[in-house]
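# Observations on chain architecture
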Protein chains: 2
Amino acid sequence: MKKAWILGVLLGLAVPGWVMAASGDDAIEYRQGLFRALKWNFSDMGAMIQERKPFDAARFAQEADRLAALAPMLGEGFIKGSEKSETVPTRAASELWYQRDRFDQLMQQLEEKTAALAEAAKHEDRDGLRPYFGQVAQACKACHDRYRERD
Amino acid sequence: MKKAWILGVLLGLAVPGWVMAASGDDAIEYRQGLFRALKWNFSDMGAMIQERKPFDAARFAQEADRLAALAPMLGEGFIKGSEKSETVPTRAASELWYQRDRFDQLMQQLEEKTAALAEAAKHEDRDGLRPYFGQVAQACKACHDRYRERD
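Looking at an unreviewed UniProt entry, one finds chain A named Cytochrome c, with Marinobacterium lacunae as its source organism.

A word on the overall build of chain A. Along the backbone of chain A there are seven helices and zero strands. Mapped from its N terminus to its C terminus, chain A presents α and β elements in the order α-α-α-α-α-α-α. Looking at chain A as a whole, 46% of its 151 residues are labelled buried. A sequence separation of at least 24 residues applies to 69% of the contacts in chain A between residues at least 6 apart.

Here the focus is helix α7 (residues 126–147) of chain B. Given a rise of 1.5 Å per residue, 22 residues ought to cover 32 Å, and the 31 Å separating the end C-alpha atoms of α7(B) matches this to within 8%. Along α7(B), the residues that are buried comprise Gly128(B), Leu129(B), Phe133(B), Gly134(B), Val136(B), Ala137(B), Ala139(B), Cys140(B), Lys141(B), Cys143(B), His144(B) and Tyr147(B).

Turning next to the UniProt feature "coiled-coil region" (unreviewed entry) in chain A. Feature annotation in UniProt assigns "coiled-coil region" (unreviewed entry) to the following positions: residues 100–127 of chain A. In this annotation, residues 100–127 of chain A is assigned 82% helix and 0% strand; the end-to-end C-alpha distance for the span is 36 Å.

What follows concerns the nonpolar core. Formed by 74 residues in total, the largest nonpolar core has its most connected members in Phe60(A), Leu70(A), Leu117(A), Phe60(B), Leu70(B) and Leu117(B). Those elements giving two or more residues to this core turn out to be α3 (24–49), α4 (57–74), α6 (100–120) and α7 (126–147) of chain A together with α3 (24–49), α4 (57–74), α6 (100–120) and α7 of chain B. Excluding its chain neighbours within four sequence positions, the residues that come into contact with Leu117(A) are Met45(A), Phe60(A), Ala64(A), Leu67(A), Leu129(A), Tyr132(A), Phe133(A) and Val136(A).

For any pair of aromatic rings, the description rests on two quantities: the centre-to-centre distance and the angle between the ring planes. Residues and elements named next belong to chain A. Per the stated rule, a full pass over the model turns up 16 aromatic pairs over all chains. Their ring planes at 50° and their centres at 5.6 Å tell us that Phe55 and Phe60 sit as a pair that is tilted. What makes Phe55 partly exposed here is its relative accessible area of 26%. The class for Phe60 is buried, based on a relative accessible area of 0%.

All names here are of chain A. What UniProt calls "binding site: heme c" (unreviewed entry) maps, in this numbering, to Cys140, Cys143 and His144. With respect to the helices and strands, Cys143 occurs in helix α7. Residue classification places Cys143 among the buried positions, given a relative accessible area of 11%. Not counting the four nearest positions on each side in its chain, Cys143 is found in contact with Phe103, Leu106, Met107 and Arg148. Structurally, the position occupied by His144 is in helix α7.

All names here are of chain A. Inspection of the secondary structure puts Gly77 in the loop between α4 and α5 (94–98). Considered as a pair, Gly77 and Gln32 are 45 residues apart in the sequence and their alpha carbons are 8.6 Å apart. Not counting the four nearest positions on each side in its chain, Gly77 is found in contact with Ala27, Tyr30, Arg31 and Ser82.

Definitions and cut-offs
- Residues numbered from 1 in each chain as written.
- Chains lettered and ligands numbered in written order.
- Predicted model: local features only at pLDDT ≥ 70, side-chain atom pairs only at ≥ 80, totals over all residues.
- Heavy atoms only, no water.
- Helix = DSSP H or I, 4+ residues; strand = E, 2+ residues; numbered from the N terminus.
- Buried < 20%, exposed > 50% of the residue type's maximum accessible area, 1.4 Å probe, protein only.
- Contact = heavy atoms within 4.5 Å.
- Expected span 1.5 Å × (residues − 1).
- UniProt positions renumbered as here; feature names shortened; annotations may be inferred.
- Core = buried A, V, L, I, M, F, W, Y, C linked by side-chain atoms within 4.5 Å.
- Phe/Tyr/Trp six-rings, centres within 6.5 Å; stacked < 30°, edge-to-face > 60°.

Here you go:
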């Protein structure tokens, strides 16, 4: 499918309808993809912060940059029509959709905390980074507690 | 699970083993998440380039920035141990693993073409952006043709 629509773009041909407009399922898969990418970087940073692996300043700084780049993309995936899906399970809580201002504030906090961590990672050592990292973790948790359904 | 390990990070407690080191499954989910995020942005840009929706220069430029930010993350997800999985299907072709230099060259091309598109999106109009967008599409396709198994 992906190959088909990329080829379609190349040739300027008609492409499948699901490419023409983002569907609710696309949005759920998009935000879930971003969460996976955030987790991948965040968990490696956590291993360094918790001294479960050696601290690599360059690697930590790159991963911090990735969090700061990914965080602003998240909110876009929570679009109208992606509240629920028959085909793609989502744990987005119903409250999210009628408390959108609060949700957007929490997303903004995540952006700010990841940006602060990325900046700190340019000069701080592991001990100096721990509080910045903790604030990013708290920003994740604050939103999960309110707007992610329990397992 | 995610909540548990974030809380673990906050409290400095032991966290589940799967957080402590990236597993092959984590890597597959990471790279698949990135592909979804790339597709989300790329397909919207394709709709504008193909005039299936109105061209919004600011939106296109933001999406081009997202592609340029996501592209360099992709290669990291193709780590040893993520060639195959019992639990997470992957379409990564076996050739990828013993033609890694060639694969890395294609990843580098994707980085360069997405960076060029993001730069062009700052000043070019839709017609001016079409060739840059086409080169990104070709960079995607070049790698899919070699290293992604057919549907």
